[in-house]
Amino acid sequence: MATLDTVSLDIAVVLGSTVMPVHQVLRLGRGAIIELDSKENDSVKILVNNHPVAEGAVVVSGSRIGVEVRRMLPRAPEYR
């Protein structure tokens, strides 16, 4: 019987997106700024194994940055 400590999940937080030609991406250097299609207070998408599971907000506490889960999304029918 498998235990939970052997389960591997890929968790990602999406702050926003943009469209950029490949030649422009190849010219990006360290410290480059990429403008996203979201605003400072917009919610972020939380993905688990590339599937959206929640929405949240970026929180800053001192020198640490985190994500607060604000709303769980309904599960897709194939995962019920």
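Residues numbered from 1 in each chain as written. Predicted model: local features only at pLDDT ≥ 70, side-chain atom pairs only at ≥ 80, totals over all residues. Heavy atoms only, no water.

**Some points on the sheet that holds strand 1 (residues 11-14)**
One open sheet accounts for four strands, arranged 1-2-3-4; its pairing is antiparallel. Whereas interior strands pair on both sides, the edge strands pair on one side only; in this sheet they are strand 1 and strand 4 (64-72). Shown here is a sheet whose adjacent strand axes are inclined to one another by a mean of 40°, direction ignored. Examined bridge by bridge, strand 3 (residues 51-61) and strand 4 share eight bridges and lie antiparallel to one another. (Pairing = 2+ DSSP bridges. Helix = DSSP H or I, 4+ residues; strand = E, 2+ residues; numbered from the N terminus. Axes fitted to C-alpha atoms, helices over the stretch in contact; angles between N-to-C directions.)

**Describing the pattern of salt bridges**
Two side chains bearing opposite charge may form a pair once their charged atoms approach each other closely. Counted by the stated rule, this structure contains two salt bridges. Residues Glu55 and Arg71 are paired through a salt bridge, measuring 3.3 Å at the closest nitrogen-oxygen approach. Residue Glu55 is located in strand 3, and its partner Arg71 is located in strand 4; the two are separated by 16 residues in the primary sequence. Look at Glu55 and you get partly exposed, because its relative accessible area is 26%. The residue Arg70 makes a salt bridge to Glu68 at a minimum N-O spacing of 2.5 Å. Take Arg70: its relative accessible area is 55%, and that puts it in the exposed class. (Salt bridge = Lys/Arg side-chain N within 4 Å of Asp/Glu carboxyl O. Buried < 20%, exposed > 50% of the residue type's maximum accessible area, 1.4 Å probe, protein only.)

**Quick look at a nonpolar patch on the surface**
On the surface, Val13, Leu15, Val25, Leu28, Ile34, Leu36, Val58, Val60, Ile65 and Val67 cluster together into a nonpolar patch covering about 820 Å² of accessible area. Looking at the nonpolar patch, the elements that each hand over two or more residues are strand 3 and strand 4. Mapped onto the fold, Val25 is located in helix 1 (residues 22-26). (Patch = residues over 30% accessible without salt bridge, like charges linked within 9 Å, V, L, I, M, F, W, Y side chains within 5 Å. Areas by Shrake-Rupley, 256 points an atom, 1.4 Å probe, with all protein chains shown as cover.)

**Concerning unusual backbone geometry**
In this structure, Asn49 takes a positive phi of about 50° despite not being glycine. For Asn49, the location among the structural elements is in the loop between strand 2 (44-48) and strand 3. On the accessibility criterion, Asn49 (39% relative accessible area) is partly exposed. Positive phi, normally seen in glycine, also occurs at Asn50, with a value near 70°. Take Asn50: it is sitting in the loop between strand 2 and strand 3. On the basis of relative accessibility, which here comes to 65%, the residue Asn50 falls in the exposed class.

**Topic: the UniProt feature "domain: Flagellar motor switch protein FliN-like C-terminal" (unreviewed entry) in the protein chain**
Mapped onto the present numbering, the UniProt feature "domain: Flagellar motor switch protein FliN-like C-terminal" (unreviewed entry) falls at residues 4-73. End C-alpha to end C-alpha, residues 4-73 measures 22 Å, and it is 7% helix and 41% strand. (UniProt positions renumbered as here; feature names shortened; annotations may be inferred.)

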